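Spelled out from the first residue to the last, the chains are:
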Amino acid sequence: MESDGVKTSVVKVKPIEATPESFKEFGQVIEASPDGQEFGPRDAHLDLTRGIPRFYIMQLKERSLGFSKITHHANVTQCLGSIGGNVWYLGVSKPSIVDPTDIKGADIVQSHCGHFYVPPAVDEVQAFRISGPKFIKLNHGTWHAGPLFADDKMDFYNLELNNTNAVDHTTHDFIKKNGLTDTAFWPLLVLLTTVNSSIIYPTLDNNTMPGGLLNRTQRNIAARTVFAAKLWFG
């Protein structure tokens, strides 16, 4: 597809509900447990030993429902959850940190953070829907894009280390690294049309999101990548 001379490529990803079983290759989904229950396998198994823990409220604004970059942290098991239990989405790919002495013939890259990894494959990216009173714990090295959401802004509690964003932030750019001119992963079924120069999406079902105007960031990205296109997932 081309728009204004820009070649585009869209990868279709169908989101599934994040549950302890569906998310186990990437980390944990932690749900409410009774007061007084002792520590067990349903609790978050954390590693915060490589720095000073940082627990804070992170406010995000005008986040697109698509992405072309994905990130991992090698030194911490990051936790994310929405305040209020609103619906949000997360793109992920399996951890791929490696010891270069143990693997031969693979496309191994050294991060600017010092460790080595195999770049994530386009066809291995998955998307998850997170709703209600629960949070996500990411394993060391789990590639992730998000939080993604349809609201203008959302608040998230975030547990990581105090220097995670400064010294432990490895990013893979699918546009630059995978030979595509313009790539976007869209973790929702979206029907894009034009109404008075705005792009809208319809109601999908009672469990997805209400119809309405996309925010400015979403309009800009949508217009560049999948203008007037219908994306079907599955």
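Preceding this paragraph is the structure being described.
A few points on the structure. Nothing here was measured: the structure is a model prediction, and the numbers come from that model.

How each quantity is defined
- Residues numbered from 1 in each chain as written.
- Predicted model: local features only at pLDDT ≥ 70, side-chain atom pairs only at ≥ 80, totals over all residues.
- Heavy atoms only, no water.
- Core = buried A, V, L, I, M, F, W, Y, C linked by side-chain atoms within 4.5 Å.
- Buried < 20%, exposed > 50% of the residue type's maximum accessible area, 1.4 Å probe, protein only.
- Contact = heavy atoms within 4.5 Å.
- Helix = DSSP H or I, 4+ residues; strand = E, 2+ residues; numbered from the N terminus.
- Phe/Tyr/Trp six-rings, centres within 6.5 Å; stacked < 30°, edge-to-face > 60°.
- Lys NZ or Arg CZ within 6 Å of the ring centre and 35° of its normal.
- Pairing = 2+ DSSP bridges.
- Axes fitted to C-alpha atoms, helices over the stretch in contact; angles between N-to-C directions.

## Quick look at the nonpolar core
- If you look at the biggest cluster of nonpolar residues, it comprises 18 residues, and the most contacted ones within it are Phe 23, Trp 88, Leu 90, Phe 128, Ile 130, Ile 136 and Phe 156.
- Dropping the residues within four chain positions of it, Phe 128 is found in contact with Ile 16, Glu 17, Ala 18, Ser 22, Phe 23, Phe 26, Trp 88, Tyr 89, Leu 90 and Val 92.

## Some details on the environment of Ile 175
- Relative to the helices and strands, Ile 175 is located in helix H2 (residues 174-177).
- With 107 residues separating them in the primary sequence, Ile 175 and Ser 68 have C-alpha atoms 6.6 Å apart.

## With respect to the packing of aromatic side chains
- Taken as a whole and assessed by the stated rule, the structure comprises 8 aromatic pairs.
- Lying over the aromatic face of Tyr 56, Arg 54 brings its terminal NZ or CZ to 3.6 Å of the ring centre.

## A few points about unusual backbone geometry
- Here the bond from Gly 146 into Pro 147 is cis, since omega is 5°, no more than 30 degrees from zero.
- Phi at Glu 62 takes a positive value of approximately 45°, unusual for a residue other than glycine.
- As for its placement among the helices and strands, Glu 62 is situated in the loop between strand S6 (53-61) and strand S7 (69-72).
- Accessibility expressed as a relative area gives 29% for Glu 62, which makes it partly exposed.

## A look at the pairing of strand S5 (residues 27-31)
- Judged by how many residues are buried, S5 sits mostly within the fold: 4 of 5 residues are covered.
- With 5 bridges joining them, S5 and strand S14 (residues 134-138) adopt antiparallel strand pairing. Within S14, the residue paired with Ile 30 across the bridge is Phe 135.

## Quick word on the sheet that holds S6
- What the 5 strands build is an open sheet, ordered S5-S14-S8-S16-S6; its pairing is antiparallel. At either end of the open sheet lies a strand with only one pairing partner, and these are S5 and S6. On average, adjacent strands in this sheet sit at an angle of 20° to one another, irrespective of strand direction.
- Of the strand pairs in this sheet, strand S8 (residues 79-82) and S14 are connected by 2 bridges, and their pairing is antiparallel.

## Structural notes on the pairing of strand S9 (residues 88-93)
- The buried fraction of S9 amounts to 6 of the 6 residues, a majority that puts the element mostly inside the structure.
- In S9, alternate side chains face the same way, and those of Trp 88, Leu 90 and Val 92 on one face and Tyr 89, Gly 91 and Ser 93 on the other are all buried.
- The sheet contact formed by S9 and strand S13 (residues 126-130) spans 5 bridges and is antiparallel. When the sheet's bridge partners are listed, Gly 91 is paired in S13 with Ala 127.
- Note: S9 against strand S15 (residues 143-148), 4 bridges, orientation antiparallel.

## Overview of the sheet that holds strand S12 (residues 116-117)
- As summarised here, the arrangement of the 3 strands in space is S10-S12-S11, forming an open sheet in which the pairing is antiparallel. Sheet topology places strand S10 (97-98) and strand S11 (109-110) at the edges, where each strand pairs with a single neighbour.
- The pairing of S11 with S12 spans 2 bridges and is classified as antiparallel. Bridging across to S12, Gln 110 finds its partner in Phe 116.

Keep in mind these values describe shape, not function.
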